[in-house]
Each structure stands twice: as structure tokens, then as C-alpha cells.
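Here's the letter readout for the chains.
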Amino acid sequence: MVEKSEGNNCNIVVGCGISGAVIANMLATRFNEKVIIIEKKNHIAGSCFDYRDDNGICIHKYGSHIFHTNSDIVWEYLSQFSEFNSYEHRVLALIDGLEVNIPFNFNSLYQVFSKELALKLEKNLLENYDYNSKVPILELKKHEDKDLNFLADFIYKKVFLEYTKKQWGILPEEIDPSIMARVPVYIGNDNRYFQDKYQGIPIDGYTELIKKMITHPNITVMLNTDYKNIKLKYKRLFYTGSIDEFFDYKYGKLPYRSLRFEFEEYNKEFYQKTAVVNYTTSEEYTRVHEYKYYLNDKSDKTVIVKEYSEAFEEGKNERYYPIVNEKNILLYNMYLEDAKKIKNLWFLGRLGDYKYYDIDKAIIRAISLIEEIQENDKSFNNSSNL
Ligand code: UDP
């Protein structure tokens, strides 16, 4: 048990997801500083949490997490804690009953159109864009060429419109353009979801990876603990929860999208051809995850999860995605201004920064924050070897 006074000389990290784990790990190992991690849930690893079920299948409790990065720094950092397999993510969309490669690319053209029309569109795309380049759908939609306009309209309606309405409750044009651009139209034949230099799944899972990061004599983890209820004194506080909650919602609530997962088990080896299938023209769920693909788990059975999107409501579900738009950023910034007035307090992570981070971007943010603090804070332990 941690005594109140113990916090005095200590770094407190609220939240034991990837952001909190990086902060704790760096403070403990590189600066020999004491850290207490306070986690509301009954497990570590935040939304990266995974576990093996009775069939030996590694389940991602909060939806598929696929690691990918172009950053050598992130790759080297994570490689200290785990090996990664060579999994490369491929996604199919079910479009009016047809299986189509996503991101929509040249192979997708031949899956949905006649060979003649596909050839014509492929040629046209190559006249307008570089091979292996990426074009956001909302950009392609603005193209004046009649055939490209037809194609953009098709992709918009069959890939993005219904899926985005399900996922966000609004139209593609109404959300931040960077979100649609995450899944661009791909001018080429690469069926992979990501083209990053490093890709894979940690071979013992994300929970084990994060456990390794935080297993250190300088780190104490308190699970099932709400920071609100203990408010330990601290030397520095790193808060990875939602900033509006920290300030008791004094300016109003920051909106989030949440997810709901429905599990099904089947007495067959595989349910679908890829780990994720997006339902872009039918069904209420957005996508189906079949987890055994990630670590190549062997079982006669398979477990799938149907993913439904819904509004976040406190007490009912969890925060998954910040809804990034001008209005919400203004609200976030009001809280941030208040945060800046409190000494030795930092917010980070998807919730703390209110940013749609991928795993690698969350890690970069946490590493940069520690480096920034180290530069400005002379009280860091001298044993620094960063
Ligand atoms: N999207 C879509 N259809 C798809 C895939 C993605 O409309 O088949 C849109 C949707 O709005 C989604 C966004 O693109 O929220 C980003 O997709 P991504 O797969 O990156 O979402 P994540 O895996 O982070 O939930």
C-alpha cells in the first residue's frame, strides 16, 4: 500500500496505457526516479490490453491493435521489451457482397468493375498521380476529370459514407480531414493497410510488453484505483486520462466516440480471410476482427468480435476516439490553459492530448515530453543517461 506521504518525492502517472508506461519506464530506468502508476482499471496496458482465452487465442480486448511505425527511435525503444512478428495488416471490405481490398487500390478496381473499365480507370489514375502515392478520398472527389469523378463517387459511397456514419455518427465532410486521409485511395497494387518500415505484433502480446516496461524496483503500480479518490502529493504528475474529467468538467464535457464489442466463437478454423473485414455497405457493426491471425494462434476454434460504434457516456462505456474538430479543440484548449497554471503537471496520450494517436505517435509524444522536461528541470536525477 502506498502512503500519502510517499507521493511527496515521487512522480505520479495516472493511467497505465502505452503513454503512461513510457513515462514511467523512462523516469525509472534512465533517471532512477521513483514512480507510482495509478490505474482505474483492474489491468495494465490500457486499450492495448490483450490476453489468451481458453482456446489459446490472443484477444485484443479493446479492438485490434497493429503496431506500425517509420520511426527508428520508437522501434529501437520498443525492441528492448519484446520481439515483434512480421505481421502486415491487410483488410477486406464487404461491398454489396463483394470482398474488396482496402485501402482501395488497383486490385480493388478489378474486384468491383469489368476488366475494361478497371484498365481505363487505372490508366487515368496513373496519368494524374504517381505510382505508389496516396490520395485522400475527399481530394479525389474534387477532381474534374469525368471518369475520376465517377470513381471517387463510387469509392466515397461504397467505402466511406456508410462506414463513417456508423463510426462517427456524422458525414465524412464533417470530421477532421486527417481522419479520412488515414485510409487513402492507393495508387498502386500494395494491399497492405500500412506501408511503414516497421510493422508487427509483439510476440507475447501487448500486455506482456507493457509489463516489461513497468517492471522495475522504482515503479509501483496501483490497479483498481481512481486518482480522484486518493490525490497523492507529487513531485510531478503525468495525467493520461481525459483533461475535462480532471477539472471536474468545469467548461463542459469533451465528446468522444466509444466502441462496443460482441464476441462469437465458432467451431471452425477460420471465419474470414483476413484479421479485419470492414462492413462498408451493410450491417450495424463497422467491422469484424478475427484475432487468431495476429500471432498465428493454432486452434480448431475461432473467436471473432463484431465492433459497434456509439457515443461515449460516462459510467456506461469507455472513451476511445476524441472527436477532433474546431469546437472541441477550443474547449480542450480552455482546459489546457488551466493546466499550464499548475506546476509540474502534464497531460498526454489520446485522452490527455485529445489527439487521435496511433501507438507509435503516443510513444513519440511521451518520449519527447520527458526530454523536454529534462531540459528545463534541473531537479532530474544526475544519473541521467538519455
Ligand atoms: N473509413 C471508412 N471506411 C473504411 C475504413 C475507414 O469510412 O473501410 C474511415 C472511417 O471514418 C474511419 C477512418 O476512415 O474512422 C479511419 O479509419 P482507420 O481504419 O484508420 O480507423 P481505426 O482503425 O483507427 O479505428
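Please refer to the structure higher up on the page.
All figures in this text were calculated on a predicted structure; none of them were measured in a lab.

Asks: Please set out the overall build of the chain residue by residue, giving values where relevant.
Replies: Helix and strand content of the chain: 13 helices and 18 strands. Taking 21 Å as the expected radius of gyration for a compact globule of 386 residues, we find that the chain reaches 22 Å, a close match to that expectation. Across the 386 residues that make up the chain, the buried fraction comes to 56%. The long-range share in the chain, meaning contacts at least 24 apart out of those at least 6 apart in sequence, stands at 72%. Working note: accessible area of the chain is about 18,200 Å², and carbon and sulfur atoms make up 48% of it. Looking at the chain, you have 51 positive and 58 negative side-chain charges, and the mean spots of the two groups are 3 Å apart.

Asks: Would you mind going over the nonpolar core in detail, with residue names and values included?
Replies: Ranked by internal contacts, the top residues of the largest apolar core, which has 121 residues, are Ile 155, Met 213 and Phe 238. The biggest single contributor to this core is helix 6 (residues 146-168), with 10 residues. Dropping the residues within four chain positions of it, Phe 238 is found in contact with Asn 11, Ile 12, Val 13, Val 14, Ile 23, Leu 27, Trp 346, Leu 348, Leu 369, Ile 370 and Ile 373. Leu 92, Tyr 279, Tyr 285 and Tyr 308 belong to the second-largest nonpolar core, a separate cluster that totals 8 residues.

Asks: Give me the environment of Leu 109: which residues, what numbers.
Replies: Its place among the elements puts Leu 109 in helix 3 (residues 106-112). Sequence spacing of Leu 109 and Leu 119 is 10 residues, and the spatial spacing of their C-alpha atoms is 8.3 Å. Non-local contacts of Leu 109, meaning those with residues more than four positions away in its chain, are made with Phe 104, Ala 118, Leu 121, Glu 122, Leu 125 and Leu 151.

Asks: Got a sec to walk through the site of the ligand? Specific residues and values, please.
Replies: The environment of the ligand is made up of 16 residues, and the closest members are Trp 168, Arg 182, Tyr 193, Tyr 321 and Tyr 356. One of the backbone nitrogen or oxygen atoms of Phe 160 is found 3.3 Å away from an oxygen atom of the ligand. Computed on the free molecule, the ligand has an accessible area of 520 Å², of which 94% lies beneath the protein chains in the complex. Breaking the shell around the ligand down by element, the ones donating at least two residues are helix 6 and helix 7 (177-180). Here the shell around the ligand takes 6 residues from helix 6, the largest share from any one element.

Asks: Report on unusual backbone geometry, specifying residues and quantitative values.
Replies: The peptide bond linking Ile 102 to Pro 103 adopts the cis configuration, its omega dihedral lying at 0°. With a phi close to 50°, Asp 248 is a non-glycine residue in the positive phi region. Mapping Asp 248 onto the fold places it in the loop between helix 10 (243-246) and strand 13 (256-266). Despite not being glycine, Asn 296 shows a phi value in the positive range, around 55°. In this structure, Asn 296 sits in the loop between strand 15 (287-290) and strand 16 (302-311).

Asks: Which residues make up the layout of surface pockets, and what are the values?
Replies: Of the voids in this model, the second largest pocket is the one considered here, and its volume is about 270 Å³. In terms of lining, the second largest pocket is formed by 17 residues, of which the most central are Tyr 332, Asn 333, Leu 336, Asp 353 and Lys 355. If you list the elements that add at least two residues to the lining of the second largest pocket, you get helix 11 (326-340), strand 18 (345-347) and helix 13 (359-376). Among the elements that line the lining of the second largest pocket, the one with the most residues is helix 11, at 6 residues.

Asks: An account of the sheet that holds strand 17 (residues 321-322) is requested, with residue identities and associated values reported.
Replies: One open sheet holds the 7 strands; their spatial order is 7-6-14-15-16-13-17, and the pairing between them is mixed. Here the strands that pair on one side only, and so sit at the sheet edges, are strand 7 (98-102) and strand 17. Contacting strand 6 (91-95), strand 7, strand 13, strand 14 (276-279), strand 15, strand 16 and strand 17, helix 6 runs over the sheet at an angle of about 105° to strand 13.

Asks: Lay out the sheet that holds strand 11 (residues 219-222) with the relevant residues and their values.
Replies: Pairing is parallel in the open sheet, where 5 strands are placed in the order 11-2-1-12-18. Here the strands that pair on one side only, and so sit at the sheet edges, are strand 11 and strand 18. For this sheet the average axis-to-axis angle between neighbouring strands, irrespective of direction, equals 15°.

Asks: Would you mind going over the pairing of strand 6 in detail, with residue names and values included?
Replies: Counted residue by residue, strand 6 has 5 buried out of 5 residues, so it is predominantly covered. Of the two faces of strand 6, both are covered, the one formed by Val 91, Ala 93 and Ile 95 as well as the one formed by Leu 92 and Leu 94. In this sheet, strand 7 lies alongside strand 6 in antiparallel orientation, the contact comprising 5 bridges. Residue pairing across strands places Val 91 opposite Ile 102, the latter belonging to strand 7. Between strand 6 and the antiparallel strand that follows it, strand 7, lie 2 residues; Asp 96 among them carries a positive phi value of about 45°.

Asks: Please provide a residue-by-residue account of the side chain of His 43, values included.
Replies: Along the chain, His 43 falls in the loop between strand 2 (35-38) and strand 3 (50-52). A polar contact of 2.8 Å, which involves the side chain of His 43, links it to the side chain of Tyr 62. Excluding residues within four positions of it along the chain, His 43 makes contact with Phe 49, Lys 61, Tyr 62 and Leu 223.

Calculation rules
Residues numbered from 1 in each chain as written. Predicted model: local features only at pLDDT ≥ 70, side-chain atom pairs only at ≥ 80, totals over all residues. Heavy atoms only, no water. Helix = DSSP H or I, 4+ residues; strand = E, 2+ residues; numbered from the N terminus. Rg over C-alpha atoms; globule rule 2.2 N^0.38 Å. Buried < 20%, exposed > 50% of the residue type's maximum accessible area, 1.4 Å probe, protein only. Contact = heavy atoms within 4.5 Å. Areas by Shrake-Rupley, 256 points an atom, 1.4 Å probe, with all protein chains shown as cover. Lys, Arg positive; Asp, Glu negative; His and termini not counted. Charge placed at Lys NZ, Arg CZ, Asp CG, Glu CD. Core = buried A, V, L, I, M, F, W, Y, C linked by side-chain atoms within 4.5 Å. Near = heavy atom within 4 Å. Polar contact = N/O pair within 3.5 Å; in protein donor to acceptor, adjacent residues only side chain to side chain. 1 Å grid on protein atoms, 1.4 Å probe; cavity = no way out; pocket = protein on both sides within 12 Å on 5 of 7 lines; lining within 4 Å. Points joined across faces, edges and corners; volume = space filled by probe spheres on them. Pairing = 2+ DSSP bridges. Axes fitted to C-alpha atoms, helices over the stretch in contact; angles between N-to-C directions.

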